[in-house]
Amino acid sequence: MRITRTLEYFLVFVLLGALVACSKPVTFADLNGNPVAIASENGQWLALNFWAEWCDPCREEIPELNELANDGQVRVLGVDFDNSQGEALIKKAKALDIRFPVLRESPLTVLNEPPPQVLPATYIISPEGKVVSKLFGPQTRKSLEEQIHKLSKHQLQETSSNG
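Report on the accompanying structure. (Residues numbered from 1 in each chain as written. Predicted model: local features only at pLDDT ≥ 70, side-chain atom pairs only at ≥ 80, totals over all residues. Heavy atoms only, no water.)

**Things to note about the pattern of salt bridges**
Part 1: On inspection of all chains with the given rule, the structure shows eight salt bridges.
Part 2: For Arg141, the salt bridge is made with Asp71, and the minimal N-O distance between the two is 3.5 Å. Of the two residues, Arg141 sits in helix α4 (residues 141-162) while Asp71 sits in helix α2 (residues 56-71), which places them 70 residues apart along the sequence.
Part 3: Residue class for Asp71 comes out partly exposed when judged on its relative accessible area of 32%.
Part 4: Taking the shortest distance from any N to any O, the salt bridge between Lys92 and Asp80 comes out at 3.4 Å. (Salt bridge = Lys/Arg side-chain N within 4 Å of Asp/Glu carboxyl O. Helix = DSSP H or I, 4+ residues; strand = E, 2+ residues; numbered from the N terminus. Buried < 20%, exposed > 50% of the residue type's maximum accessible area, 1.4 Å probe, protein only.)

Dropping the structure here:
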């Protein structure tokens, strides 16, 4: 009897632990080792940009992404397509003058998305952490803001029609 009760408590403890673990937001480390969540607690959309040092359109796009990130309305995260690590990644980000956080690894596996086959690639992610659009080729601050505005308006319409 005592073993059964102990086992029951143990199983409840394990299940509660699993539930708590599931509720934590998915985070990735930036260049400085700081945790960065994909989902947003304050309702911000995310532009997840894949770039490479050798990609000329990527180089042209980065100042636009810096402006978008600087504005603060949309979060911008970068991922090196070549998967560089450590000092090599830091040097590439500095050489390209990337002023938004760069992740040490791609979050696409966790998001159940295949890696892009074309660069630059920007994945638009809702505040809930879901990929809702994929844009290929260079983007501007304005094109990204318009896309996100359209997507957020669409999401609001869906929410109100489902409620």
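There is more to say, and it comes next.
**Looking at the nonpolar core**
Generally speaking, nonpolar side chains in soluble globular proteins are found buried as a group.
Part 1: In terms of nonpolar packing, the biggest core is built from 37 residues, with Leu48, Phe50, Ile98 and Ile124 touching the most fellow members.
Part 2: Listing elements by their share of this core, those giving two or more residues are β3 (45-51), α2, β4 (74-80), α3 (86-95), β5 (102-103), β6 (121-125) and α4.
Part 3: Tallying contributions element by element places β3 first for this core, with six residues.
Part 4: Excluding residues within four positions of it along the chain, Phe50 makes contact with Cys58, Val79, Ser106, Leu108, Pro116, Leu119, Pro120, Ala121 and Tyr123. (Core = buried A, V, L, I, M, F, W, Y, C linked by side-chain atoms within 4.5 Å. Contact = heavy atoms within 4.5 Å.)

**Some points on α3**
An α-helical turn contains 3.6 residues, so a residue and the one three or four places further along point in the same direction.
Part 1: When α3 is considered as a whole, its buried residues turn out to be Leu89, Lys92 and Ala93. Taken around the axis of α3, the buried residues stretch over an arc of 95 degrees, which confines them to a single face. Across α3 from its buried face, at more than 90 degrees, point the exposed residues Glu87, Lys91, Lys94 and Ala95.
Part 2: Those residues of α3 hidden inside the fold are in contact with β3, β4 and β5.
Part 3: Residue Asp97 follows α3 closely and has a positive phi angle near 55 degrees. (Arc of directions from axis to C-beta.)

**Examining the pairing of β6**
Part 1: β6 sits mainly inside the fold: five of its five residues count as buried.
Part 2: Pairing of β3 with β6, which is carried by five bridges, proceeds in the antiparallel orientation. Within β6, the position partnered with Leu48 by the bridge is Tyr123.
Part 3: The pairing of β6 with strand β7 (residues 131-136) spans five bridges and is classified as antiparallel. Looking at β7, one finds that Thr122 is bridged to Leu135.
Part 4: Remark: five residues form the turn of the hairpin made by β6 and β7, two consecutive strands paired antiparallel; Gly129 in that turn has positive phi of roughly 90 degrees. (Pairing = 2+ DSSP bridges.)

**Things to note about the state of the cysteines**
Part 1: Counting across every chain of the model gives one disulfide.
Part 2: Across the disulfide, Cys55 is cross-linked to Cys58 (sulfur-sulfur distance 2.4 Å). Measuring handedness by torsion sign, the sulfur bridge of Cys55 and Cys58 sits at about 80 degrees and is right-handed.
Part 3: Look at Cys55 and you get buried, because its relative accessible area is 4%. (Disulfide = S-S within 2.5 Å.)

**Side note on α2**
Part 1: Helix length check: α2, at 16 residues, gives a terminal C-alpha distance of 24 Å against a target of 22 Å (1.5 Å per residue), a fit within 8%.
Part 2: Where α2 bends most, the angle comes to about 30 degrees, and this point is Ile62, followed within four residues by the proline Pro63.
Part 3: The set of residues buried in α2 consists of Cys58, Glu61, Ile62, Leu65, Asn66 and Leu68.
Part 4: Among the residues trailing α2, Gly72 stands out with phi positive, at a value near 85 degrees. (Expected span 1.5 Å × (residues − 1). Bend = angle between axes of the 7 residues up to and from the residue.)

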